[in-house]
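In case you want the letters, here they are:
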Amino acid sequence: MAGKIERSIDELYRDDPERADAVVFGRRTGPSRRGFLEGAGLAALGAVVGGAIPYAANMPAGLIPAAMAQGSAPPKPSGPVYLNFPGKHDRLVVIGERPLVAETPEHLLDDDTTPIEKFFIRNNGQIPDQAGEPDKWKLAIDGEVERPMEITLGELKSRFRAVSQRMVLECGGNGRSFFSPQARGNQWTNGGAGCAVWTGVRLADVLKAAGVKSSAVFSGHYGADPHLSGDAARQALSRGVPIAKLMDENNLLVWEMNGQPLPLIHGFPLRLVIPGWPGSASQKWLNRIWLRDKPHDGQGMGGTSYRVTINPMVPGDKADPKNFRDLESMPVRSIITSPENGHRLPAGTREIGLRGASWAGDHWVRQVDLSIDYGATWMPAALQPQRNPYDWQRWTARLRLPADGYYEIWARATDSRGVAQPHVAGNWNPQGYGANPMHRVAVLVA
Ligand SMILES: Nc1nc2c(c(=O)[nH]1)N[C@H]1C(S)=C(S)[C@@H](COP(=O)(O)O)O[C@H]1N2
Ligand SMILES: [Mo]
């Protein structure tokens, strides 16, 4: 009988989290959904998560226990589909097959520098074939410049000074699966991000050589990947940024990743890296930068693409096109990279070591805090400095566990402006940008 209740709660959290919550926490009405876990609900939930819950009194209703969910999205009953792709780790999770999109589970982001095999993949179109000599690859810079140019990769390497910087690349939709109701698009958890060492020349040096006119206000980026339909007149993706961001010295024209030639899937032979903003600005297979006298209107600009609301909207409502602005700097985020969600420790363990990473778009992270009691108390992590702007910041912590049982460890980062991660994804928008709720992992001491 008890077994039946446990199984059904697990299933219920998958199928109908709201009802599962009502069953476990008791039905609550009124402005606060805060439930109190006791009696039959506590026993049933304890059985499902595999142990007593020392901080059960603090457990918030309306949040699926971390043992059963990554964030607030219920897991697929069928489980994840793992990527099978040359040179890639076999535990990257496929989010889409066509176009190919794959994310890195948080625990695989545990390296200081994300290895190529673990780096996420995001395509909007087809993967181009790449025959030919990389140094003969041509990049056009045209539009609002004094001297339009067509420059080869070989000339970029010989005419400009190369630099290497470790920087985060993050998909604009990272965290999208945490939105409720579900937003349209790839259902990323926190794994649409990685931090690699990028080698290339500064975009600003090259643009200065072309002579940026005062009429240039925006860029438009183009790549060689065919549109999914195969229609040669259509772009898979063509985004751009305002001129002030474009001229930032941290933007690179990149041909090496972690000291290796850029892999084809990451844009070989040449890509842009425009750190801190949605990854979609970092064009792969880059062959043209068009400087424009007005905001770019390429594929992926306008409407609700890569755009967030100006004033909050009712989740799920029809979007008012005038209420949107481009998503610029990515929001602050931290992830626990060790232990993995669902980690078990032997009974009697009273201390746990944690590692993680944190980053904050154009900003840096000034603090990461951890909680094992559902946010009642917080402990600061030891946070490492950045190597260079746009690097992520690794952190470590040791926490005391007062008793055996089921814990959720929550991580919350605060950026250099004082903006912290929320408990749940806010500012819902139709295509799901900017979701950065705290990451949490379940740990069982038993
Ligand atoms: N040419 C081209 N560049 C592109 C894309 C694309 O579909 N085509 N996707 C963009 C998006 S949305 C992201 S998040 C990053 C992902 O880079 P990665 O696949 O190297 O991880 O590439 C960007 N550059
Ligand atoms: Mo993206």
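Residues numbered from 1 in each chain as written. Chains lettered and ligands numbered in written order. Predicted model: local features only at pLDDT ≥ 70, side-chain atom pairs only at ≥ 80, totals over all residues. Heavy atoms only, no water.

Draft legend 1. Here's a closer look at the domain arrangement of the chain. Under the domain assignment used here, the chain contains domain 1 (9-58), domain 2 (116-326) and domain 3 (333-445). Distance from the C-alpha centre of domain 1 to the C-alpha centre of domain 3: 23 Å. Interface area, domain 1 with domain 3, both sides summed: about 770 Å², of which 71% is carbon and sulfur. It is Pro54, Tyr55 and Asn58 in domain 1 that bury the most area against domain 3; as a group they hold 61% of the surface buried on that side. Viewed at the interface, domain 3 and domain 1 are joined by zero salt bridges. (Domains from an automatic or database assignment. Buried area = accessible area lost by both parts, 1.4 Å probe. Salt bridge = Lys/Arg side-chain N within 4 Å of Asp/Glu carboxyl O.)

Draft legend 2. Examining the pairing of strand β21 (residues 393-400) more closely. Both strand β17 (residues 351-359) and β21 contribute to a ladder of eight bridges, which runs antiparallel. The residue bridging Gly353 from the neighbouring strand is Arg398, located in β21. Both strand β20 (residues 382-383) and β21 contribute to a ladder of two bridges, which runs antiparallel. Its bridge partner being in β21, Leu383 is matched across the sheet by Trp395. (Pairing = 2+ DSSP bridges. Helix = DSSP H or I, 4+ residues; strand = E, 2+ residues; numbered from the N terminus.)

Draft legend 3. Representation of the sheet that holds strand β2 (residues 101-103). The sheet built from three strands is open, its strands ordered β1-β2-β3 with antiparallel pairing. Bordering the open sheet on either side are β1 (93-96) and β3 (121-122), each of which pairs with just one other strand. Here two bridges tie β2 to β3, and the two strands are oriented antiparallel to one another. Across the sheet, the residue bridging to Val101 is Arg122, located in β3.

Draft legend 4. Quick look at the sheet that holds strand β4 (residues 138-143). Taken together, four strands build an open sheet; the order of strands is β5-β4-β12-β8 and the sheet is mixed. Of all the strands in the sheet, the pair left with one neighbour each is β5 (149-152) and β8 (218-223). Here the average twist between neighbouring strands, direction ignored, is 15°. In the sheet, β8 pairs with strand β12 (residues 286-292) via six bridges, with the strands oriented antiparallel. Residue pairing in the sheet places Tyr222 in a bridge with Arg288 of β12. (Axes fitted to C-alpha atoms, helices over the stretch in contact; angles between N-to-C directions.)

Draft legend 5. How the structure looks around empty space enclosed by the protein. As enumerated under the stated definition, the model contains six cavities of 30 Å³ or more in all. Each residue belonging to the lining of the largest cavity can be placed in one class, and the counts come to eight nonpolar, seven polar and four charged. (1 Å grid on protein atoms, 1.4 Å probe; cavity = no way out; pocket = protein on both sides within 12 Å on 5 of 7 lines; lining within 4 Å. Points joined across faces, edges and corners; volume = space filled by probe spheres on them. Nonpolar A, V, L, I, M, F, W, Y, C, P; charged D, E, K, R; others polar.)

Draft legend 6. Local environment of the environment of Gly194. In this structure, Gly194 sits in strand β7 (residues 193-202). By relative accessible area, which is 0% here, Gly194 ends up buried. Between the C-alpha atoms of Gly194 and Leu169, which are 25 residues apart in sequence, the distance is 5.7 Å. Beyond its immediate sequence surroundings of up to four residues, Gly194 is in contact with Leu109, Thr114, Phe119, Phe120, Met167, Val168 and Leu169. (Buried < 20%, exposed > 50% of the residue type's maximum accessible area, 1.4 Å probe, protein only. Contact = heavy atoms within 4.5 Å.)

Draft legend 7. Inspection of the pattern of salt bridges at higher detail. All told, the structure shown has 17 salt bridges when counted by the stated rule. We note a salt bridge from Asp112 to Arg394, for which the minimum N-O separation is 3.7 Å. Linking Asp112 in the loop between β2 and β3 with Arg394 in strand β21, this pair joins segments that are 282 residues apart in sequence. One salt bridge connects Lys245 with Asp362, and the closest N-O pair in it is separated by 3.0 Å. Of this pair, Lys245 sits in helix α6 (residues 243-246) while Asp362 is found in the loop between β17 and β18 (365-371), placing the two residues 117 residues apart along the sequence. Taken together, the shared-partner salt bridges connect Asp110, Asp112, Arg355 and Arg394 into one network.

Draft legend 8. Layout of the nonpolar core. One finds Leu139, Ile141, Leu156, Val206, Leu253, Leu270 and Ile289 to be the most contacted residues of the largest nonpolar core, which totals 28 residues. Of all the secondary structure elements, the ones that give two or more residues to this core are β4, β5, α4 (153-159), α5 (203-210), β9 (252-257) and β12. Ranked by residues supplied to this core, first place goes to α5 with four residues. One finds Leu12, Tyr13, Ile64 and Tyr374 within the second-largest nonpolar core, a separate group that totals 25 residues. (Core = buried A, V, L, I, M, F, W, Y, C linked by side-chain atoms within 4.5 Å.)

Draft legend 9. Inspection of helix α3 (residues 39-49) at higher detail. Taken as a whole, α3 has its buried residues at Gly41, Ala44, Leu45, Gly46 and Val49. Gly50 lies just past α3 and shows a positive phi near 95°.

Draft legend 10. How the structure looks around the packing of aromatic side chains. All chains considered together, the criterion is met by seven aromatic pairs. Geometrically, the ring pair formed by Tyr55 and Tyr407 is edge-to-face, given 6.3 Å between the ring centres and 65° between the ring planes. Taken as a pair, Tyr55 in the loop between α3 and β1 and Tyr407 in strand β22 (residues 405-415) lie far apart in primary sequence, 352 residues in all. Each ring, one from Phe119 and one from Phe120, has its centre 5.3 Å from the other, and the planes form 25°; the classification is stacked. Overall, Phe119 belongs to the buried group, its relative accessible area being 1%. Among the aromatic side chains, those forming a connected cluster through ring pairs are Phe119, Phe120, Trp188 and Trp198. (Phe/Tyr/Trp six-rings, centres within 6.5 Å; stacked < 30°, edge-to-face > 60°.)

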